[in-house]
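Analysis of the macromolecular model
This is what each chain is made of:
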Amino acid sequence: MERSSKIYIAGHRGLVGSAILRKLQADGYTNLVYKTSQELDLRDKNQVDEFFAEEKPEYIFLAAAKVGGIVANNEYPADFIRDNLMIQTNVIDAAYRNGVKKLLFLGSTCIYPKFAPQPLKEEYLLTGELEPTNEPYAIAKIAGIKMCQSYNRQYGTKYISVMPTNLYGPNDNFDLHTSHVLPALIRKFHEAKENNAPYVEVWGTGTPRREFLYSDDLADACVFLMNNYEGNEIVNVGVGEDISIKELAEKIKNIVGYQGEIKFDTTKPDGTPRKLVDVSKINALGWKASISLEEGLQKAYQWFLDNVAVKTN
Ligand code: GDP
């Protein structure tokens, strides 16, 4: 990408898209295009075609998607499969018809088979049954990856797909009902401190292990891959280390400065015992995550204080 290339960031208000936009701006890319979903409904082919005819983007970061946790996936499976299939089909096909130079599609490590060995290697995709609770979402994302690969084979395009591990950062979802563990714990410890609550309830036994990638690191990897990778195969993006939920809770407790106890609510599910990706491929390409969990947690807590806590107080 040249600094003056026209780059479209689809989904620029989300956790991933907003990080990619910040990264491109910080790196001096000046010709960036982005639209809210009110301005441009990517599920509508006519609107997408009109947008491409008008803007003619050269590069695309396709970070627009319908995402959510287990509760949302369970309640709205039709929305998850439909919206994602529509968004990615409209954008990928319009990219081809308008001669886009390169497109980066966001997959997710939660679309690997449920019982795949850990750490997850890229070649494990489509080698086993999916997690039933998010199967419609996963099928849509897998279709997007296959669409990129098929266009590359048939039309000689350069569409690449990345597989980020669990993400956190600015614009995360802090709703306790639907969020993932890391933003949930930031909120719980903060509110317990504000209310002088004697303890915080952490779900499950605390023994499951998870890997957490700060969204700015993912954005850095996406820009790196856009500039340095042309392969047809998917690429994992992670930190290559995991941590137990208990250790995570203790770190967040310290950062927030909460003095009370941690209680484990073992009536709540642990979920999968471990989730870690193999990052040897992206490391071999020359990229490594650089934001430590401590630094990322500090930043995420600050963002929560500035943007979420102020509204709920
Ligand atoms: P997962 O990675 O798909 O299992 O999704 P989550 O991020 O929701 O959960 C990861 C782990 O954190 C599970 O073992 C949860 O039981 C545990 N956990 C502990 N406290 C919380 C909480 O307050 N919210 C969530 N979502 N998970 C929690």
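All values derive from a computational prediction rather than experimental measurement. (Residues numbered from 1 in each chain as written. Predicted model: local features only at pLDDT ≥ 70, side-chain atom pairs only at ≥ 80, totals over all residues. Heavy atoms only, no water.)

Let's shift gears to the pattern of salt bridges. On inspection of all chains with the given rule, the structure shows 23 salt bridges. In this structure, K6 engages E55 in a salt bridge whose closest nitrogen and oxygen atoms are separated by 2.8 Å. Note that K6 is positioned in the segment before β1 (7-10) and E55 in helix α2 (residues 45-55), a separation of 49 residues in sequence. By relative accessible area, E55 is classed as buried at 18%. The salt bridge involving E294 is made with K251; its shortest N-O contact spans 2.5 Å. Of this pair, E294 sits in helix α10 (residues 293-312) while K251 sits in helix α8 (residues 245-256), placing them 43 residues apart in sequence. Since its relative accessible area comes to 37%, E294 is described here as partly exposed. (Salt bridge = Lys/Arg side-chain N within 4 Å of Asp/Glu carboxyl O. Helix = DSSP H or I, 4+ residues; strand = E, 2+ residues; numbered from the N terminus. Buried < 20%, exposed > 50% of the residue type's maximum accessible area, 1.4 Å probe, protein only.)

Close contacts around the ligand come from 14 residues, with V181, K188, R210, P269 and D270 the closest. In this structure, V181 approaches the ligand through a main-chain N or O atom, which is 2.9 Å from an oxygen atom. Within the contact set of the ligand, an oxygen atom lies 2.7 Å away from a backbone nitrogen or oxygen of P269. Protein chains shield 86% of the accessible area of the ligand, which is 540 Å² for the free molecule. Counting residues per element, the ones that place at least two in the shell around the ligand are α6 (181-194) and β7 (199-203). For the shell around the ligand, the leading source of residues is α6, giving 4 residues. (Near = heavy atom within 4 Å. Polar contact = N/O pair within 3.5 Å; in protein donor to acceptor, adjacent residues only side chain to side chain. Areas by Shrake-Rupley, 256 points an atom, 1.4 Å probe, with all protein chains shown as cover.)

Take the UniProt feature "site: Important for catalytic activity" (unreviewed entry) in the protein chain next. UniProt's feature table lists "site: Important for catalytic activity" (unreviewed entry) at S108 and C110, given in the numbering used throughout. The topology assignment puts S108 in the loop between β4 (102-106) and α5 (135-155). If near-sequence neighbours (up to four positions away) are discounted, S108 is found in contact with Y137, V162, M163 and P164. Within the secondary structure, C110 sits in the loop between β4 and α5. Those residues in contact with C110, other than ones at most four positions away along the chain, are N134 and Y137. (UniProt positions renumbered as here; feature names shortened; annotations may be inferred. Contact = heavy atoms within 4.5 Å.)

We now examine the nonpolar core. Counting residues in each nonpolar core, the largest one holds 73 residues, and the members touching the most others are L24 and F61. Per-element tally for this core: the top contributor is helix α7 (residues 215-228), with 8 residues. Not counting the four nearest positions on each side in its chain, L24 is found in contact with M1, I7, I9, Y29, L32, F61 and V223. Membership of the second largest hydrophobic core comes to 27 residues, among which are L182, L297, A300 and Y301. (Core = buried A, V, L, I, M, F, W, Y, C linked by side-chain atoms within 4.5 Å.)

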